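# A look at the structure
The chain contents come next:
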Amino acid sequence: MSYLTLAELRRDTPQARDQARQAAISAHRDAGHRLIWSLFNDDPGAKRDFLYRTTADNRFLIVSARPPRAAEAVWRLKTKAYAPDLTAGQRLGFSLRANPSVALSQPDRRRSKRLDIFQYHKLASPGPIDPQTREDIALEWLAGKLAPLGATVDRTLSQLAGHTQLRLDGKKALLTAIDIEGVLTVTAPGSFVPALTEGIGHGKAFGLGLILLRPLGPPARSP
């Protein structure tokens, strides 16, 4: 079983303010990943088994394999079971914040070099990328990611809603993050459901990779 949690870091207690200072929350850093890790530190030896996304200042959505735990003086947590029941052919609205990247093999067989998709595009087409081309690149990347996971993206109803870079805490490197919103169709529920808890792309420890779904209303009838 998985869990979906809305977590809000409180502002009205000394403990919460101290926690925020220690984590050094900043949009130019890492979206508060140390804060989220603190909710799952009951087992120091456990690997990361959660995804999260920042939704607003001090508020996070989390999908996890175990329920988060925290002091009430620091966090407000609303947790419920998360078990999406999807069917083949089902159309859903979606929102994804992800790190769109590709791995380039190196001639000397060293570890592959990872580039974001816009850097990769510039290798073949140097120069600025106009907004429409940037959106096309992002949707093409997403389509390639979703296909083996059991879903297709409706490009006519999807868009690149945001593009930014995160500076990771303690590192010089920047991590590209994009927001894509739109409509997808489930083709293989048995493959797509695990992707909802395992995430899409890299940078999952930094608030990326979690795809959020919403039901769509019935199609409008023709007059």
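Attention in this report is confined to the structure presented alongside it.

Rules of the game
- Residues numbered from 1 in each chain as written.
- Predicted model: local features only at pLDDT ≥ 70, side-chain atom pairs only at ≥ 80, totals over all residues.
- Heavy atoms only, no water.
- Helix = DSSP H or I, 4+ residues; strand = E, 2+ residues; numbered from the N terminus.
- Expected span 1.5 Å × (residues − 1).
- Buried < 20%, exposed > 50% of the residue type's maximum accessible area, 1.4 Å probe, protein only.
- Contact = heavy atoms within 4.5 Å.
- Polar contact = N/O pair within 3.5 Å; in protein donor to acceptor, adjacent residues only side chain to side chain.
- Core = buried A, V, L, I, M, F, W, Y, C linked by side-chain atoms within 4.5 Å.
- Pairing = 2+ DSSP bridges.
- Axes fitted to C-alpha atoms, helices over the stretch in contact; angles between N-to-C directions.
- Phe/Tyr/Trp six-rings, centres within 6.5 Å; stacked < 30°, edge-to-face > 60°.
- Lys NZ or Arg CZ within 6 Å of the ring centre and 35° of its normal.
- Parallel < 35°, antiparallel > 145°, perpendicular 65-115°, else oblique.
- Left-handed = near helix turned anticlockwise from the far one by under 90°.

## A short note on helix 4 (residues 131-146)
With 16 residues, helix 4 ought to run about 22 Å at 1.5 Å a step, and its terminal C-alpha atoms sit 23 Å apart, in line with that. Taken as a whole, helix 4 has its buried residues at Arg134, Glu135, Ile137, Ala138, Leu139, Trp141, Leu142, Ala143 and Leu146. Residues of helix 4 that are buried in the fold lie against strand 5 (91-98), strand 6 (101-104), helix 3 (117-124), strand 8 (151-167), strand 9 (174-186) and helix 5 (189-198). The N-capping residue of helix 4, defined by a side-chain oxygen 3.1 Å from the backbone nitrogen of Gln132, is Asp130.

## What about the nonpolar core?
Judged by nonpolar contacts, the single largest core of 32 residues is most densely connected at Phe94, Leu142, Ile180, Leu184, Phe192 and Ile211. The greatest single-element share of this core, amounting to 7 residues, is contributed by helix 4. In this structure, Phe192 is in contact with Leu86, Leu146, Leu149, Gly150, Ala151, Leu184, Val186, Ile211 and Leu213, ignoring residues within four places of it in sequence. Ala7, Ile36, Phe50 and Phe60 belong to the second largest nonpolar core, which has 12 residues in total.

## Focus: the sheet that holds strand 10 (residues 211-215)
What the 4 strands build is an open sheet, ordered 8-9-5-10; its pairing is antiparallel. Lying at the two open borders of the sheet, with one neighbouring strand each, are strand 8 and strand 10. For this sheet, the mean angle separating the axes of adjacent strands, direction not counted, is 15 degrees. Across 5 bridges, the pairing between strand 5 and strand 10 is antiparallel. Bridging across to strand 10, Phe94 finds its partner in Leu213. Sheet strands in contact with helix 5 are strand 8, strand 9 and strand 10, and its direction is about 120 degrees off that of strand 10.

## Digging into the environment of Gln119
Within the secondary structure, Gln119 is located in helix 3. Taking the C-alpha atoms as reference points, Gln119 and Val102, 17 residues apart in sequence, are found 9.6 Å from one another.

## Remarks on the environment of Leu4
Tracing the backbone through its elements, the reader meets Leu4 in strand 1 (residues 2-9). Put simply, Leu4 and Ala83 are 79 residues apart on the chain and 9.1 Å apart in space, counted from C-alpha to C-alpha.

## Some points on the packing of aromatic side chains
The geometry of an aromatic ring pair is captured by two quantities: the separation of the ring centres and the angle between the planes. This model, assessed by the stated rule, comprises 4 aromatic pairs. For the ring pair Phe40 and Phe50, a centre distance of 4.5 Å and an interplane angle of 10 degrees mean the geometry is stacked. Within this pair, whereas Phe40 is found in the loop between helix 2 (33-37) and strand 2 (50-56), its partner Phe50 is found in strand 2, the two being separated by 10 residues in sequence. Exposure remark for Phe50: the relative accessible area of 1% places this residue in the buried category. An aromatic cluster of at least three residues, connected via ring pairs, comprises Trp37, Phe40 and Phe50. Across from the ring centre of Phe118, 4.7 Å away, lies the NZ or CZ of Arg134, which sits over that ring.

## Regarding the side chain of Thr176
The topology assignment puts Thr176 in strand 9. Residue Thr176 is classed as buried on the basis of its relative accessible area of 4%. Within the local environment of Thr176, its side chain forms a polar contact with the side chain of Gln165, the two groups lying 3.5 Å apart. Ignoring any residue separated from it by four or fewer positions in sequence, one finds Thr176 in contact with Ala98, Asn99, Pro100, Asp116, Phe118, His163, Thr164, Gln165 and Leu208.

## So, the packing of helix 3 against helix 4
Across the interface, helix 3 lies against helix 4 with an axial gap of 10 Å and an inter-helix angle of 115 degrees. Judged by the inter-axis angle, helix 3 sits roughly perpendicular to helix 4. Every pair of crossing elements has a handedness; the one defined by helix 3 and helix 4 is right-handed. Residues Ile117, Phe118 and His121 of helix 3 touch helix 4, and the partners they reach there are Thr133, Arg134, Ile137, Ala138 and Trp141.

## Side note on the sheet that holds strand 3 (residues 59-64)
The strand order across the open sheet formed by 4 strands is 2-3-1-4, and the pairing between neighbours is antiparallel. The open sheet terminates on both sides in strands that have one partner only, identified here as strand 2 and strand 4 (75-82). When the angles between neighbouring strand axes are averaged without regard to direction, this sheet yields 20 degrees. Where strand 1 and strand 4 come together, 8 bridges link them in antiparallel fashion. Paired with Ala7 across the two strands is Leu77, which belongs to strand 4. Packing against the sheet, helix 5 makes contact with strand 1, strand 2, strand 3 and strand 4, and its axis sits at approximately 65 degrees to strand 2.

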